Amino acid sequence: MTALFQNYGRRPINLVEGQGVYAWDSTGKKYVDFTSGIAVLALGHCHPILVNALKEQSEKLWHVSNLYASPQQDRLAADLVQDTHLSYGFFCNSGTEANEAAIKLARKHTKKHKMITFVNSFHGRTFAAMSATGQEKVHSGFGPIVETFEYVEFNNIVALQQAVDDETAAIMLEVIQGEGGVNTVTPAFAEAIQKICDDTGILLIVDEVQTGIGRTGSKFAYEQTVLKPNIVTLAKGLGGGFPIGAMLGTADLFDSFGPGTHGSTFGGNPQAVAVAQAISDTVLTADFLGNVQASSQYFKEQLTMHFPQYEVRGMGLLLGLALDKPIPEIVAACEEIGLLVVGAGATTLRLLPPLNVTNAEIDEAIALLKSVLL
Ligand SMILES: *Cc1c(COP(=O)(O)O)cnc(C)c1O
C-alpha cells in the first residue's frame, strides 16, 4: 500500500544519510553515489560549506517576498553573469521553471512564437517545457501540447536549415543531451546554429540545467563551443541540493522582462540564494574548475582503459558509457554491490560523480563497475 502516486519508477532503496560521495540506506548499507541526485549534489552529500550557509541563513530569515529588494539575489546574479556576455538574471525554483521563463521571454521579445528544439532533448515537465522536449513519451496522454515547437534531428545541419523561417523566435538546445543519452553537440552543428542566429536574429536559448555550474569543467558548457546564447537556463547543480533555478540573459532582453511580466513566490528564496552563493563561491573558481577537468581526464582514461569495448561520451563529469546491455539490469546489479548510477536514453549508463570527487573515489567506482560489466 502506498499513499503516493506512482509517477516515478522508484528503485527500492531508502537513502537516509550521505557524506561526500557516499550514501547509506536505512539498513546501513553503504553506496558510492555516482548519480549525485542527477547532477544536483555538486559538492556531494552534506558538504560543510553548504551546511553552514544554510544553517546561518535559516537562523536569520527564511523567506522574503519579491515585493522587496534583494541585494543577495543581485550579488548571485552578478556572479553568475561575470566574465560572460550575459548581463541579467532571474531566479526560480527548478529547471522546468527556468525554461518556462526562457520560452516566455523569447516569445515576448521577438513577438514570434515558433521555436526549434531537438529530438531526444529534455527541457522539463511543465506545459511549455514538456512541449519543448523532443520526446514523444514525455508528451503522451496530455492532449494538445504547445504546438509551436518543431523537433529537429540533433546534429543534423540540413534539417535545421530547412526548419528555420521568418516566424522562428528561438532555437533551444542542450550542449549535452543529458537525459537523452549523453549526446554532445558537434562543433560543426554549433557553428551552424550560431551562424543562423547571427544572420537572422533568431534567439539562442541554451539549457544548462544539467551541464551548467562547473559540471563540464567550465562555468557553462557553451563556453567550450562557439555558441553565444541570448538566454541560459540553470538549476540542478546551482543549489547543490537546495532547490533553485535561474534564467540568465543578454542586456538587450532587459526591457522585455519588465515589471509584471513574470514572477515566482519562492523564486530567489533567501535560503536557496545563500546556498547557491556558497556553490558559486566554491565551484566557479579557476582552481576548482581545473580540478574538475583533471578528474574528468582521469575518469575518461580509466573508463577507456577498463572498458575499451564501450564508447565514453560527454564532457567534464557528465559522462556516459554507451553499453550494449539493458540499462535497468545494469543499474540494479550496480546497486546490489553498492554503486549508484543512472541511465540516459535506452542504452547509455550516465556517470555523475560530485564535482569534488577524488581519483581514489573514481577508482572505487571503476572497480565496482568492472565487477558488473566484465
Ligand atoms: C533536469 C532537467 C530539466 C528539468 O529540471 P527540473 O528541475 O526537474 O524541472 C530541464 N532541462 C534539462 C537539460 C535537465 O537535465
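Residues numbered from 1 in each chain as written. Predicted model: local features only at pLDDT ≥ 70, side-chain atom pairs only at ≥ 80, totals over all residues. Heavy atoms only, no water.

### Some details on the sheet that holds strand β14 (residues 318-322)
Spatially, the 4 strands line up as an open sheet ordered β13-β14-β17-β16, and their pairing is antiparallel. Strands at the two margins of the open sheet, each flanked by one partner only, are β13 (311-315) and β16 (342-344). The sheet shows a mean angle of 35° between the axes of neighbouring strands, direction not considered. Where β13 lies against β14, 5 bridges are found, and the strand directions are antiparallel. Following the sheet pairing, E311 is matched in β14 by A322. (Pairing = 2+ DSSP bridges. Helix = DSSP H or I, 4+ residues; strand = E, 2+ residues; numbered from the N terminus. Axes fitted to C-alpha atoms, helices over the stretch in contact; angles between N-to-C directions.)

### Structural notes on the side chain of D33
Along the chain, the position of D33 falls in strand β3 (residues 30-33). No salt bridge forms around the buried D33; measuring N to O, its nearest opposite-charge neighbour R215 is 9.2 Å away. Separated by 3.1 Å, the side chain of D33 and the backbone nitrogen of S36 make a polar contact. Only 2.8 Å separates the side chain of D33 from the side chain of H45, close enough to count as a polar contact. For D33, the contacting residues outside a window of four places in its chain are V21, L41, H45, L340 and P354. (Buried < 20%, exposed > 50% of the residue type's maximum accessible area, 1.4 Å probe, protein only. Lys, Arg positive; Asp, Glu negative; His and termini not counted. Salt bridge = Lys/Arg side-chain N within 4 Å of Asp/Glu carboxyl O. Polar contact = N/O pair within 3.5 Å; in protein donor to acceptor, adjacent residues only side chain to side chain. Contact = heavy atoms within 4.5 Å.)

### Brief notes about a nonpolar patch on the surface
Where nonpolar side chains cluster on the molecular surface, the patch consists of L61, V64, L67 and Y68 and spans about 420 Å² of accessible area. Along the chain, V64 falls in the loop between α2 (48-58) and α3 (71-81). Given the relative accessible area of 30%, V64 is considered partly exposed. (Patch = residues over 30% accessible without salt bridge, like charges linked within 9 Å, V, L, I, M, F, W, Y side chains within 5 Å. Areas by Shrake-Rupley, 256 points an atom, 1.4 Å probe, with all protein chains shown as cover.)

### Section: the UniProt feature "modified residue: N6-(pyridoxal phosphate)lysine" (unreviewed entry) in the chain
Within this numbering scheme, the UniProt entry marks K236 as carrying the feature "modified residue: N6-(pyridoxal phosphate)lysine" (unreviewed entry). Tracing the backbone through its elements, the reader meets K236 in the loop between β11 (231-234) and β12 (245-249). In this structure, K236 is in contact with I38, A39, V40, E179, V209, Q210 and I244, ignoring residues within four places of it in sequence. (UniProt positions renumbered as here; feature names shortened; annotations may be inferred.)

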